[in-house]
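# Fold and geometry: a report
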Amino acid sequence: MLAEYLSRLATEYSYERAKSFTGSKFGEFVRHDIAVEAKKVLMLWPFELKVKASVGQGVWASVPWLAFFDPLITETATAGFYVVFLINPDAQTVTLSMNQGTTNIYKDFGQSRGRDVLKRRARDMADRVPEFAKRFSEEAIDLGSEAGLPAGYEAGHSFGKVYKAGSLTDDQLSEDLYEMLLAYEALVNRGGTTPSEVMQEEAGGKDIKETRRYILSRRIERSPRVRKAVLKAKPPICECCGLDPKRDYGFAGPAHEAPLDVHHAAPLNGLAEGETRRYTIPDDFMVLCPTCHRMIHKIGAPSDLKKLQKMLRFKIAREVAYFTQ
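Worth saying up front: this structure is predicted, and the values here are computed from it rather than measured.

## Focus on the overall build of the protein chain
The secondary structure content of the protein chain amounts to 14 helices and seven strands. Along the longest, intermediate and shortest principal axes, the C-alpha atoms of the protein chain span 75 × 45 × 40 Å. With 325 residues in all, the protein chain has 49% of them scored as buried. Expressed as a percentage of contacts within the protein chain between residues at least 6 apart in sequence, the contacts between residues at least 24 apart total 64%. For the protein chain, the accessible surface area stands at approximately 16600 Å², while carbon and sulfur atoms represent 50% of it. Charged side chains of the protein chain number 46 positive and 43 negative; the gap between the two group centres comes to 6 Å.

Structure, rendered in structure tokens:
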């Protein structure tokens, strides 16, 4: 059904976008029906991804799309990297692409230089998962538009596959999409678009496999979605030293904005392809103050809270502080 829907999008879009954008039933078909069908496909697979389909915001887009986002990387087509079906309405083609957010790059570098940056990163992405890239095509894609965003999608394309509308089958789409999502998973696990030297510097000179595990773990900890979920499930108090921002500093904001860190305590023992389970909330996490968080990484035992607690040589003197106020 998804193949049929994407073919319909490719063949009917030029006609439909000549009509009013506001209240378009075709627009709703894309945003809702196509996205729902894509989610049904994902239900059978071990990927935790956000799905979105778009025909533009307020006005018809030159190139409509259906995207799959890993929340650890991005939840929007404007940033990060993601898997996407891009539609060329003029040629009536559907392109499955490993691609990148264009908007933020354009803001940082301008359109001309930004496209060069996107091309360079696209090359790096393919080089980081070569065993997957070679199963697709790394040739440039044509989306049939000279507008800024489509040109960015063309520059940001790393590897993929182009289908003619009407010839795409569900079996073919399912096989190729699954392979592409495995590539996406591997790319996330291997550091995404972060240069190797930057990863190794942050990881403290570990070997490449340990570096990748460290970077992935840190990416998990820094995810806004993960942070909110953990601090909703656990008290916003350091599990080692007992620092309580509300009591000790008078912090009055929401829990996810508290001056505390979310620590990914479950070790990432492997990076085997297809190993998609990364964490369980809240079981795989600790809530720590920034100091205790730094220390647990330094002791080389990221899951050993008891060891960290035994090392602790101070107590927060709340009674004295409150008494002297």
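Right, picking up where we left off after that structure.
## Some thoughts on the nonpolar core
By size, the foremost hydrophobic cluster in this structure holds 91 residues, and its most contacted members are I34, L66, F68, F85, L177, L181 and Y184. At ten residues, the largest contribution of residues to this core is made by helix α7 (residues 170–189). Among residues more than four places away in sequence, those in contact with F68 are A38, L42, L49, K50, V51, Y82, V83, F85, L177, L181 and Y184. Core analysis: the next-biggest nonpolar cluster, separate from the first, contains six residues, Y106, V117, L118 and A155 among them.

## As for the side chain of T95
You can see T95 is positioned in strand β4 (residues 93–100). Under the relative-accessibility criterion, T95 is labelled buried at 1%. Excluding residues that lie within four positions of it along the chain, T95 makes contacts with V84, F85, L86, I141, K161 and V162.

## As for a negative patch on the surface
Taken together, the side chains of E4, D170, D171 and E175 make up a negatively charged region of the molecular surface. If you tally residues by element for the negative patch, the top one is α7, at three residues. By the element assignment, D171 lies in helix α7. Since its relative accessible area comes to 66%, D171 is described here as exposed.

## A few points about the packing of aromatic side chains
In total, this model carries twelve aromatic pairs according to the counting rule given. Look at F26 and F29: their rings are 5.7 Å apart centre to centre, the planes differ by 45°, and that puts the pair in the tilted class. With F26 and F29 both in helix α2 (residues 25–42), this residue pair falls three residues apart, about one helical turn. An aromatic cluster of three or more residues is present, and its members are Y5, F26 and F29. Here the basic side chain of R8 rests over the ring of F29, its NZ or CZ set 4.0 Å away from the ring centre.

## A look at helix α4 (residues 111–128)
With 18 residues, α4 should reach 26 Å at 1.5 Å per residue; the first-to-last C-alpha distance of 25 Å fits that figure. The complete set of buried residues in α4 reads G114, V117, L118, A122, M125, A126 and R128.

## Notes on the pattern of salt bridges
In total, this model carries eleven salt bridges according to the counting rule given. Between R135 and E179 there is a salt bridge, with the nearest N and O atoms lying 1.9 Å from each other. With R135 in the loop between α5 (130–133) and α6 (148–156) and E179 in helix α7, the pair connects residues that are 44 residues apart, well separated along the chain. Taking relative accessible area as the criterion, R135 reaches 49% and is therefore assigned partly exposed.

## Details of the environment of V83
With respect to the helices and strands, V83 occurs in strand β3 (residues 81–88). Residues V83 and R218 lie 135 residues apart in sequence; the distance between their C-alpha atoms is 22 Å. Setting aside residues no more than four positions away along its own chain, V83 makes contact with L66, A67, F68, L96, S97, M98, L177, M180, L181 and Y184.

## Here we look at the packing of helix α1 (residues 2–16) against α2
If you want to describe how two helices pack, look at the angle between their axes and the distance between the axes. It is at 10 Å that the axes of α1 and α2 come closest, and there the two elements cross at 165°. On the basis of the axis angle, α1 is roughly antiparallel to α2. Between α1 and α2 lies a crossing of left-handed hand. Together, L2, Y5, L6, R8, L9, E12, Y13 and E16 of α1 and F26, F29, V30, D33, I34, E37, A38 and V41 of α2 make up the contact between the two elements. Across the contact of α1 with α2, the residue classes break down as eleven nonpolar, no polar and five charged.

## A short note on the environment of T102
One can find T102 in the loop between β4 and α3 (103–109). We classify T102 as buried; its relative accessible area is 1%. Placed 53 residues apart in sequence, T102 and A155 show a C-alpha to C-alpha distance of 9.0 Å. In contact with T102, other than residues within four places in its own chain, are A77, T78, L118, L149, G152 and Y153.

## Things to note about the sheet that holds strand β1 (residues 50–54)
Sheets are built from strands that pair by backbone hydrogen bonding, the pairs being arranged parallel or antiparallel. The antiparallel open sheet is built from five strands, whose spatial order is β1-β2-β3-β4-β5. At either margin of the open sheet sits one strand with a lone partner, and together these are β1 and β5 (159–164). On average, each strand axis in the sheet is inclined to that of its neighbour by 15°, with strand direction left out of account. Of the strand pairs in this sheet, strand β2 (residues 65–69) and β3 are connected by four bridges, and their pairing is antiparallel.

Thresholds applied
- Residues numbered from 1 in each chain as written.
- Predicted model: local features only at pLDDT ≥ 70, side-chain atom pairs only at ≥ 80, totals over all residues.
- Heavy atoms only, no water.
- Helix = DSSP H or I, 4+ residues; strand = E, 2+ residues; numbered from the N terminus.
- Buried < 20%, exposed > 50% of the residue type's maximum accessible area, 1.4 Å probe, protein only.
- Contact = heavy atoms within 4.5 Å.
- Areas by Shrake-Rupley, 256 points an atom, 1.4 Å probe, with all protein chains shown as cover.
- Lys, Arg positive; Asp, Glu negative; His and termini not counted.
- Charge placed at Lys NZ, Arg CZ, Asp CG, Glu CD.
- Core = buried A, V, L, I, M, F, W, Y, C linked by side-chain atoms within 4.5 Å.
- Patch = residues over 30% accessible without salt bridge, like charges linked within 9 Å, V, L, I, M, F, W, Y side chains within 5 Å.
- Salt bridge = Lys/Arg side-chain N within 4 Å of Asp/Glu carboxyl O.
- Phe/Tyr/Trp six-rings, centres within 6.5 Å; stacked < 30°, edge-to-face > 60°.
- Lys NZ or Arg CZ within 6 Å of the ring centre and 35° of its normal.
- Expected span 1.5 Å × (residues − 1).
- Axes fitted to C-alpha atoms, helices over the stretch in contact; angles between N-to-C directions.
- Parallel < 35°, antiparallel > 145°, perpendicular 65-115°, else oblique.
- Left-handed = near helix turned anticlockwise from the far one by under 90°.
- Nonpolar A, V, L, I, M, F, W, Y, C, P; charged D, E, K, R; others polar.
- Pairing = 2+ DSSP bridges.

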